[in-house]
Structures are given as C-alpha cells and as structure tokens.
Amino acid sequence: MRRLLTGTVFGLFLFSCAKSQTINITSITAAGRFNSCIIGSPPLPAPLPAVTATLVASTGTSLVNGTLVCNDPCGISTLRIVLSDVRWDQDPDDNWIHGIFFPTNPGFSVSGIVLPAGWNSFASCTGASCSLGQSGGQGFYFDGTFESSCCGAPPTGDGIPNNNWGDRFINCNTPLSFQFDMTFCNSAITGSQLSFQLSGTADGNTGCYDIPDASRNNRINFSISTTSCPDIYTVPFTSTIITDCSVTPINYYAQMNGGCGNGTTVTWWDAPFGGNQIGTGVPFTYDPAGNACPAGTVLYASCCPVGATNCANRQAVTITGTCPPGPNATHTKTDPPCFGINGGTISVTPNTGGPFTITLTGPGGPYILTGPAPVIFTGLAAGTYNYSFTDAGGCSGSGGPVVLVANPEIFTPVVITNPRCNGAANGTVTFNPIGGIAPYQYSDNGGTTYQAGNTFSGLAAGLHSFTIRDNLNCTSDTTVNLTDPSILTSTLAGTTPAGCSNNDGTASATATGGTAPYTFSITGPTLNSTGNATGVFTGLANGPYIITATDANGCTAPTGTGTVGLTDNMFLTLGPDVTICAEQAITFDPQTNPETNIFTWTPINGTIAGTIANPAIKNAVATPKDTATYRLHAQWGGCERWDTIVVNLLHKPIPDAGKDTAICNLTYAILRGNSSNLSGPVNYAWSPAPNVEFPTQAVTRVYPPGNNRIYTYTLTVKDDYGCNFTVTDQVDVTVQPPVPAYAGNDTTAVLGIPHQLFSSGGRDYLWSPSAVLNSSTMQNPLATLMNDQKFVVRVTDVAGCIGYDSVFVKAYAGPAYYIPNAFTPNGDGLNDVFRPVPAGIVITEWFRIFNRLGETVFENNEYMKGWDGTFRGQKQPTGAYVWIIRGVDRNGKKVDMRGSVMLVH
C-alpha cells in the first residue's frame, strides 16, 4: 500500500519571446485525468489546457494570417510551444501524475525545454518508465520528492524516471505549464493542419505501486493551422535497363529519367538520408561495377539543394526490368485459319534495342524484315520456321522452331432425302461437316446469305449447290442431286346400290405407281375404314364418293367420283286436317315405315315459327297461335318422304269495353262494348249491373250516382262455339263535379266609364244582360253603366258541363270616394267596418282616422280595407272621429277628401 509522505509544490516557469510570430491553434482536446477536474465554488468543470505556438526559426515556411505556409519542403521549421493550465485529477483512486511524453518517432525533435520545478526531460521511455503496456518518445517526468518509495530511496533528480512517486500535492487546483521548441522538416506539412499529441501517465502504472491507472487514456491533443507544401516532383521518375553487347562479357546499365518542379537539378543518392551522391541531372546512367545487373536497385532522387541533407525529401526510384543472359527474342504465332491458304503470321520481339533485322526461314522462305519490335511476318503457309536477328547495337540472336499448323480441311458428309412424291418439293439435305473449326454455317445461294441450321428442306428433284463455312470463314462447296419417284395413280373399280336403310352399299378402287404398299381412304356420305388396306369399302349410304390411294411415302392420288345408288320403298301420311281451340295443343300421329327414324317438322305458309315444342320427334306437339300448316320430312336411311296437315284454330275473343269517358253531374254515359277475333257468336254481360240500362247488350246506357268520382264497369265476353272462352275488359266513367262558375265579388263602377268584369271556372262564358257589354262571350268583358246593374254569367267547362253565378255592380258619379258618416262595430255583421268606397280611383295613397286628441287610430292604403273601431287592440269609445284620404284617379289627378264619422256601439 502507498505511504503518504509530505513534500513541497514546485514553482512554475513561463518563457516568452517578444519577436515571435503566433500561429493559429485549430483545436485543443483533452481526455482522461486531464479533462475530469471539477474546481471553484460553485464547482464547475475545469477549462481545457491552453496552447500557444510561435514560429521562432524557419527555412522555407512563412506565416500568413496565423497559418504556417510551406513554400519549400526541403526546409526546417521550429515552433515554440507553451502548454499551460494543465490540471491532473487524482480522483477516484489517488493516482498521482508521473510524467508526460510524445509518441515514439513523432517526426520532430524537442529542445529549449522549460519545465516546472521537480520535472526533468527524457529522450524516450518504455515499460514502467512511461506506463505499463505503453511506450513513448521524448517527454518530461516528475523527479522532485525526497521520500523513499517501494522502489528504494533514490536521491531527488537522479535522472531515473521510474523510481519516484508522483507529486501527491499536484491535483486539480495546481495547474502546470510547460515550454519547449519543436523542430521538424517542412515535408511533414501535408494538409490544412499539423496535429500533436502528449500522453500522461500515473505513478500507479510505473511498476512500483499496487494502484494502477485503469484507463491509461490520459491525452492532450492540439493542432496548428497549415498550408501544405507544393509538389516538387512533377515528372515521374522511371528506369530502363539497357543491354550492351559491344563488350564481353555483356554489360548492363540503367537509364534514369524524371524531373523537378522547383527548377532544381536532380541529384541522385544511394540512401534516403545522408549517404553518397552518385550523379546529377536526367537522363542519368547508372552503371554498377563489374557488369552487374542493376535490376531491383533502389536509387534516391532529390530536388532539394545538395547541402540540405537533414530534410532531403528524396524520392525512392526502384530500377525495374530484367537482365537477360544475352540477346534473345520471344515470338507469337497465328496459324493459317483455312486449309491450303497462306494466312498464318509470326511475330518476333527481341529483348534488346531496335530497329532489328530479322530473317525467317521456312516454307517459301527465307523472308527478311527490318523495323522496331515486334516484327511481324504475314501470309505464311503451314510448316516449320526458324528466325535470326541483329539489333541496333550489333547484338544478334536466334529463335525457333515455330510450327504453323493449318486447321483440317472441311469435309461435308451429307444425308439426302429425295422428294417423297413425284413433282413434290419436300426433299431434304442434311450436312454433318468435319474438319475446319466449328460451329459451321450453310448457304444455298453461293455464299450470299448463310444459315446456322445444317438442314435444307422443301427441295424439288434436281441439282442443288451448297457452301459450308466454318467459324474462321473457311469454305467448302458441294453439289447434291435429288430424284423423283414414279407417279402414283388411283382408279375407281365400281359401286353397288344401298337400300332404304342406306347402310349396305359398296365402292372399290385400285392403285399403281408411287411406292408400295398402298392404303386407301374414302370421302362421301359415309366415312369408314373397311377398305383401308384393300380398297374395297362396304356399309355405305347412297351418294357420291371419292377413294384416295396413299403410298408408303404419303403421296396421294384420288379417283374420280363414283355414286352409290338407292332402292326406295318408303311411305308417309299425316291424315286429315284438324280443328282445335286457341291455347290448346295437338299431338301429331304420322303413319310410316317402322324403320323410319328421322323426323323434321316445319311450319309453312306463314305459320308462326316456334309453335312446335319438339320438331325432331315423330309424335310432335304443336301449340299454334292461329290456323297453321305443318310439313313433316321423314327419313329412313337414304329414303325420304314429305306430307302436310292443316290445324284450324277457333280464336279466343278480344273484348273492348270502349274508351274511358267523362260526363257531367246527374247525366248518363253510353257504354260502347264490342269484341273481335271471333270464330262464331258470343254473349255479353256488364257489371256492376245496377244503374246499367241493358246489362246483356254490348251498347247500353249507364246512370252513375254522385259526382267528382270515377266509376269502373267490366264487360265480360263468352264464346258460343264450344271453346268456353270467357274474357273481360274495363272502362272508366268519370263524373265531373259541378262547374265552379264565379262572376267576382259585388263591386262599384263610375257612371258612363267602362268597367271590367271578371269571371272564372270554365272554358266558355256567356254574360247577360248583354246590352251594356262590349262582348257577352268574353271571360272578362267591359260594362258601361248608367245605373246599378246585376249581371249573370253562364260558364261551360271542358266536358260541356254548365254552371251559373252573378255579380252586382253599383254605379257612382266620380272619380271620388263614397264614405258613410257612421258605423256600428258591434259584431252583428251589419255596418261593422268603416271603409271608403272608391269610384274611378286607381290608387289610394293613404286613408287616416284621428280621435279627438289628434292621435292617429287607423292608417291604410289597401283597397276596401277599413277600420274596425279598435286602437292598439282596444275598442274605441262612441263619438266622432275625423278622417282624411288621398287617391289618384284614372287620369292621374290627385283626389283629396276629409270629413268625420260617428262610431256608435
């Protein structure tokens, strides 16, 4: 267990450079114990460590708006880093800080280190000196306590980083600061930022104590803003191995090419850093000593000044290729595609420098060609070839043998099928080629078009030419001869007749020519196979027949037409005509031979179709709609007969009760009954019989009671010719209501001025007396009165019914209002309303009545609308009331009147 000892807190030392240039820090992050401190009151998370970076020395870099810009990757830059406000969280297990270190081989060196008291620097660390399970590069460790430890009691500041405790007084409230210079080659600047990382370790991970820091993920990261270096190697470096045959033994050297984009002459080195310079410029010839092969050697090309060896930024160039033991060549060939045609090629490619002179020996040779590799010989026949060559440097070599093998000759075995019938085009030719290169194609038009199938069909007899082409377009021609068989003929030998059963006739035929054996088939009324093998057919019905012969190849030859006769002894009768009632059915009973088995009934002479339910049986059933004629066609084998029968039909009467009618009230109607479709006399009966004058007569009178009603009467008709038909029909009799004659309400008129009368209720009108009217037959005539007059109007409606009404017209001198001087609103129906009576007045503008207090108790402008003696729902007292009235006469003049009226209860 760790022993807690006392100690002192070391002081902090900060370094500054007044002339330094500040670089932008793009990001600062911390993890683990560097980012878990809680400080202050109230307690809050501690801030991240602070980092500043300044450019203190530079070759080939500049600072632009806080960004480190790389101008030359061959230079070196030095940054001064100040890392401050670094806090260490001892919780939760009291692991004290032990040290801070960079990764191994970070690409920069650290110098100018300024550390807090008790801290030392080291070049690298592994194992317990860094942290168990880790390793690192340059860093700083704490070596400031005087206490002993479980690792012994070494003195303070002994330079051994793994035998001291961390400082137990360094915690979240003790910020640390570190300053150091970082020097790196400019070639490390490859993007928009350059990142750095420091790892922190606890004393529990140094190997002496039993409280390890479990996570070991204590990190501080920061980046500076940069602009990457330009690419100075703009021309790729390449190598070519050259064989020199001018010396013995043969020498090999490499020719190097490439270039610098910064205008510097290329320098060649034997190591990536330091080493020896072995040449300059391009092309550069690298010739190793002792005629050695340079293949696989790595040279280093640099575009940096020769003196900049620390950051040379050299590019490795591996010499590729092989060094053959001497001049030789490779070759490829293409065999002649078709047998007997010089279509082969040989291509020769020497391994040295050209142009080359190559001699090819073999069939038809020698052949000599000069030129760069590859050298190609064409139009060669099949056979064995060898070659020799000389290159541009005088080196020579040879090769071979090269064997050109032509594809086998195309042979075309053929399977022939001659036309099966004389004159037919159904022969076939099938090819099964061998040789050449499959697949094959085939042509029957001299190679104009080809098909993939190897069979040609639909061929007639004669010579046919074909071309066969393989996959390399090599061809072979062949001719095939097809022949016809002899002509097939067929002859009808004879026939025997059939009886009425029509199933015992015969016919026979013979055949010659074609290809035996023969088979026969027959067409005609009877089709069977009785003579397929012999040509003799039996069991035939009468009629025309043709027998066709077919040979072994399927060729056919029909005979001429032969007829099988018929012996006829059939009879048929339907008996006498018959009579039936309408809607009845009749079953026919024809007399004929027992063997007769086919019956066909047909309506004729205009008989309606579809009246026979079963027209294909002997005893058919018919239900005719009228007198009908039917014909029967009967068959017994090849015999047939016809007969007809007439079915007379007694009709069903069609009753007619007449048209619906309308009559005036208290008059009579005539019932006009009738019937049609008769086959004899009939009887009539009307119902209901009351009010019918003669109920058993077709035409009679009826006296309906009441008015404004419809009465229905039924006419029953019954036949008297034995069918017992009973049929009915109905008629409606509408009794009109009384005519609503109307002559208008009693009214007034102006003396000597035409006054219009009004009437309604019908279609025709007749007024009386007519002397004062402009027309007595108008619905609304004009009356010119010199005194009071009562008029009577006769109104006739559409049914011819008549009604009467009257109107009284009182004549006044005018235009003026006639107003009474008293009224008695006591509800006795006499003089209950006080109203003005206009004479010659068109419009009443207002009519007003006032009480003795001057209040308006009534006001109105409606025609003949008067005062009932009340005001606001209350009866008014007996007394005098003043009235005024204004109207407009027929001439448009104002008519003003005033006066008084006495109200008496």
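Just above, that's the structure.
Everything in this summary refers to the structure shown in the same document. All figures in this text were calculated on a predicted structure; none of them were measured in a lab.

Points about the overall build of the protein
Line of reasoning, step 1. On a plain count of helices and strands, the protein comes out with 0 helices and 75 strands.
Line of reasoning, step 2. Radius of gyration (C-alpha) of the protein: 71 Å, far over the 29 Å computed for a compact globule of 905 residues.
Line of reasoning, step 3. Counting only C-alpha atoms, the protein reaches 160 × 140 × 70 Å along its principal axes.
Line of reasoning, step 4. Going through the 905 residues of the protein one by one, you find that 40% of them count as buried.
Line of reasoning, step 5. Expressed as a percentage of contacts within the protein between residues at least 6 apart in sequence, the contacts between residues at least 24 apart total 61%.

Comments concerning the nonpolar core
Line of reasoning, step 1. Within the largest apolar cluster, 42 residues are counted, with the highest numbers of intra-cluster contacts made by F588, W601, Y630, L671, W686 and Y713.
Line of reasoning, step 2. Elements that contribute at least two residues to this core include exactly β46 (578-581), β49 (598-604), β51 (628-636), β52 (639-650), β55 (669-672), β57 (682-687), β59 (709-719) and β60 (726-735).
Line of reasoning, step 3. Per element, the largest residue contribution to this core is 5 residues, and it comes from β51.
Line of reasoning, step 4. Counting residues in each nonpolar core, the second largest holds 37 residues, with L68, F180, F196 and I224 among its members.

Regarding the side chain of T559
Line of reasoning, step 1. With respect to the helices and strands, the residue T559 is situated in the loop between β43 (556-558) and β44 (562-564).
Line of reasoning, step 2. For T559, a relative accessible area of 6% translates into the label buried.
Line of reasoning, step 3. Other than its neighbours up to four places away in sequence, T559 contacts S490, T491, L492, A509, I546 and I547.

Concerning the state of the cysteines
Line of reasoning, step 1. Within the structure shown, the criterion is met by 10 disulfides.
Line of reasoning, step 2. Two residues, C338 and C474, share a disulfide whose sulfurs are 1.6 Å apart. Its S-S torsion of approximately -95 degrees makes the covalent link between C338 and C474 left-handed. With C338 in the loop between β25 (329-334) and β26 (344-350) and C474 in the loop between β36 (462-469) and β37 (475-482), this pair connects stretches of sequence that are 136 residues apart. Taken individually, C338 and C474 each receive the classification buried, so the pair is uniform in this respect.

Digging into the packing of aromatic side chains
A ring pair, where both rings are aromatic, is described by two values, the distance of the centres and the angle of the planes.
Line of reasoning, step 1. With the rule as written, the count across this model stands at 24 aromatic pairs.
Line of reasoning, step 2. Centre to centre, the rings of F834 and F847 are 5.9 Å apart; their planes meet at 55 degrees, and the pair counts as tilted. You can see F834 sitting in the loop between β68 (822-823) and β69 (837-839) and its partner F847 sitting in strand β70 (residues 841-850), a full 13 residues away along the chain. Considered together, F834 and F847 belong to a single accessibility category, that of buried residues.
Line of reasoning, step 3. Through successive ring pairs, a cluster of aromatic residues spans F102, F108, W119, F140, F178, F180, F196 and F222.
Line of reasoning, step 4. The aromatic ring of W269 is capped on one face by R314, whose charged end is 3.9 Å from the ring centroid.

Quick look at the sheet that holds β70
Line of reasoning, step 1. A sheet is described by the order of its strands in space; here 5 strands give the open sequence β68-β75-β74-β70-β71, paired in mixed fashion. In this open sheet, the two edge strands, each paired with only one partner strand, are β68 and β71 (856-860).
Line of reasoning, step 2. Here 2 bridges tie β68 to strand β75 (residues 894-903), and the two strands are oriented parallel to one another. Bridge pairing in β75 links A822 to M902.

Examining the environment of R701
Line of reasoning, step 1. Position of R701 relative to the elements: it lies in strand β58 (residues 699-702).
Line of reasoning, step 2. Residues R701 and A669 lie 32 residues apart in sequence; the distance between their C-alpha atoms is 5.7 Å.
Line of reasoning, step 3. Beyond its immediate chain neighbours, meaning those up to four positions away, R701 contacts Y668, A669, I670, N691, V692 and E693.

Topic: the pattern of salt bridges
Line of reasoning, step 1. Tallied over the entire structure, the rule returns 11 salt bridges.
Line of reasoning, step 2. Between K652 and E583 there is a salt bridge, with the nearest N and O atoms lying 3.3 Å from each other. Note that K652 is positioned in the loop between β52 and β53 (654-656) and E583 in the loop between β46 and β47 (586-587), a separation of 69 residues in sequence.
Line of reasoning, step 3. You can call K652 partly exposed: its relative accessible area is 28%.

Reading guide: rules and limits
- Within each chain, residues carry numbers counting from 1 in the order of the written sequence.
- Thresholds applied to this predicted model are a pLDDT of at least 70 for local features of residues and 80 or more for the giving and counting of side-chain atom pairs; totals over whole chains, interfaces and linings are not thresholded and use all residues.
- Note: side-chain values were computed over all heavy atoms of the structure, leaving out hydrogens and water.
- Per the convention used, a helix needs a DSSP run of H or I reaching at least four residues, while a strand needs a run of E reaching at least two, with both numbered from the N terminus.
- We take the radius of gyration over the C-alpha atoms and set the globule estimate at 2.2 Å times the residue count to the 0.38 power.
- Here the term buried applies to any residue with accessible area under 20% of the maximum for its type, exposed to any over 50%, and partly exposed to those in between, with areas from a 1.4 Å probe on protein chains only.
- Throughout, a contact is declared for two residues whenever any of their heavy atoms are within 4.5 Å.
- Each nonpolar core is a collection of buried residues, namely Ala, Val, Leu, Ile, Met, Phe, Trp, Tyr and Cys, held together in the definition by side-chain atoms within 4.5 Å.
- Disulfides are defined as pairs of cysteine sulfur atoms found within 2.5 Å of each other.
- What counts as a ring pair is set by centres within 6.5 Å for rings of Phe, Tyr and Trp (its six-membered ring), and what kind of pair is set by the plane angle: stacked under 30 degrees, edge-to-face over 60, tilted for all other angles.
- Working rule: Lys NZ or Arg CZ, within 6 Å of ring centre, within 35 degrees of ring normal, means a charge sits over the ring.
- Note on pairing: two strands pair once DSSP finds at least 2 bridges between them.
- A pair is scored as a salt bridge if a Lys or Arg side-chain nitrogen falls within 4 Å of a carboxyl oxygen belonging to Asp or Glu.

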